[in-house]
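Chain residues, written in single-letter form:
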Amino acid sequence: MEDDERTQLGGNPNWMSRLPEELLDVPLWNLAIPGSHDSMSFCLDVSSPVLRSEPCLLRVSDRLFPCWTRPCVSRWATTQSVLCDQCDLGVRFLDLRIATKPKGGRTLFFAHGIYTVMTVQEALDELATWLDDHPKEIVIISCSHFESLTDEDHGRLVDFIITLFGKKLCSPQDAPTLRSCWSRGQQVIVSYGDQQMVLQHPELWTEIPYWYADSPDPKKVIAYLEDQKSRGRPAGFYVSGLNLTEDAPYVLLHPFQNMRKMTMRALSFLLRWASEQRPGSEESGVNILCCDFVDASQFCSLVIGLNYKLPGKAGTAVA
């Protein structure tokens, strides 16, 4: 993506470093942060099988008609653009769903319906390079799902993350703000969806709650988020998911549709709700907002702009 295209879409490669002084001591969980849902789904491998965790109907279809099933799944499972382009647009929360392929040895990939071409090592190496070029930007990495990972796989993955990012890692013992992270050279928060590994490694944060409606209906998505808000936000980081979902029977019966078309029809409605939100420590305050196809709208700029609704006193952590 060229620089002028990024500008047209609201490119924000250094937005954290440009926030006003009064927001630098606000805990990061009280800021509005753009995130991408299924961040690595831009590089799905249509030659790979459907995940073993997918519904039986889809797995049977894959065994009988792989040349039809896998491209169909890919059209519905692809939700994002290239990783560093997402970061340039302003995404600071990455939803990384990690897996091993049935015949891929112990190499770690990502997965969404089917597996990716890009490995975990390749993606995180790219992210580390991007962070070196943007030293005041902080990225939250959410590692989850762990399709078919063994204890040894978890150990190797965590060791790689700790070695790669080193002193850039922000530990959960801290209440991170932009100023505190900058003063320590910290740029990476790793949320890990396996509690055993979290207990063994003080560098890892427990899994970040993700409010997810699991519906293809945008009105139901917003109703779900409003219901969750009425119960009060979690302490610390949490995600409000603006993403739609289809089930396996619908995907199989609509092979010529795709997730992008469905998302674009609902996007203005979803973004209208997002524009009405406020971050902060209040019970209704939003934190991380995730969306599909972050490159297709002003989503990132809209979410970043919510931070300017914060009063100077909004930095109090959630009780």
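These numbers were taken from a predicted model, which means no experiment stands behind them. (Residues numbered from 1 in each chain as written. Predicted model: local features only at pLDDT ≥ 70, side-chain atom pairs only at ≥ 80, totals over all residues. Heavy atoms only, no water.)

Asks: Can you lay out the overall build of the chain for me, pointing to particular residues and giving the numbers?
Replies: Summing up its helical and strand segments, the chain has 12 helices and 10 strands in all. Compactness check: the chain gives a C-alpha radius of gyration of 19 Å against a globular reference of 20 Å for 319 residues, within 12% of the reference. Referenced to the eigenvectors of the C-alpha coordinate spread, the extents of the chain come out at roughly 60 × 40 × 40 Å. Expressed as a percentage of its 319 residues, the buried residues of the chain come to 56%. Long-range contacts, defined as pairs at least 24 residues apart, comprise 77% of the intrachain contacts of the chain with a sequence gap of at least 6. Total accessible area on the chain stands at roughly 13,600 Å², and carbon and sulfur atoms take up 54% of it. Side chains of the chain carry 30 positive and 40 negative charges; the gap between the two charge centres is 4 Å. (Helix = DSSP H or I, 4+ residues; strand = E, 2+ residues; numbered from the N terminus. Rg over C-alpha atoms; globule rule 2.2 N^0.38 Å. Buried < 20%, exposed > 50% of the residue type's maximum accessible area, 1.4 Å probe, protein only. Contact = heavy atoms within 4.5 Å. Areas by Shrake-Rupley, 256 points an atom, 1.4 Å probe, with all protein chains shown as cover. Lys, Arg positive; Asp, Glu negative; His and termini not counted. Charge placed at Lys NZ, Arg CZ, Asp CG, Glu CD.)

Asks: Can you explain the environment of Val91? Please cite residues and give values.
Replies: Examined against the element boundaries, Val91 turns out to sit in the loop between α4 (83-89) and β2 (93-100). Taking relative accessible area as the criterion, Val91 reaches 0% and is therefore assigned buried.

Asks: For a nonpolar patch on the surface, give the residues involved together with the corresponding values.
Replies: On the surface, Val60, Leu64, Phe65 and Trp68 cluster together to form a nonpolar patch covering roughly 390 Å² of accessible area. On the secondary structure map, Val60 appears in helix α2 (residues 56-64). For Val60, a relative accessible area of 31% translates into the label partly exposed. (Patch = residues over 30% accessible without salt bridge, like charges linked within 9 Å, V, L, I, M, F, W, Y side chains within 5 Å. Salt bridge = Lys/Arg side-chain N within 4 Å of Asp/Glu carboxyl O.)

Asks: Tell me what's going on with the pairing of strand β5 (residues 139-147), and back it up with residues and numbers.
Replies: Along β5, 8 of the 9 residues are buried, which leaves the element largely enclosed by surrounding structure. When β2 meets β5, the two strands line up parallel, connected through 6 bridges. In the sheet register, Leu94 faces β5, and the bridge partner there is Ile141. Here β5 pairs with strand β6 (residues 188-192) via 5 bridges, running parallel. (Pairing = 2+ DSSP bridges.)

Asks: Explain the pairing of strand β10 (residues 288-291) to me, and be specific about the residues and the numbers.
Replies: Both faces of β10 are covered, namely the face carrying Ile288 and Cys290 and the face carrying Leu289 and Cys291. Relative to β10, strand β1 (residues 33-36) is paired through 4 bridges, and the arrangement is parallel. Each bridged residue has a counterpart across the sheet, and for Pro34 the counterpart in β10 is Leu289.

Asks: Describe the environment of Leu302, naming the residues involved and giving the relevant values.
Replies: Structurally, Leu302 can be placed in helix α12 (residues 299-305). Spatially, the C-alpha atoms of Leu302 and Leu271 are 8.1 Å apart, while their sequence positions differ by 31 residues. Leave out the neighbours within four places in its chain, and Leu302 touches Leu271, Ala274 and Ser275.

Purely spatial values, then, with no claim about function.
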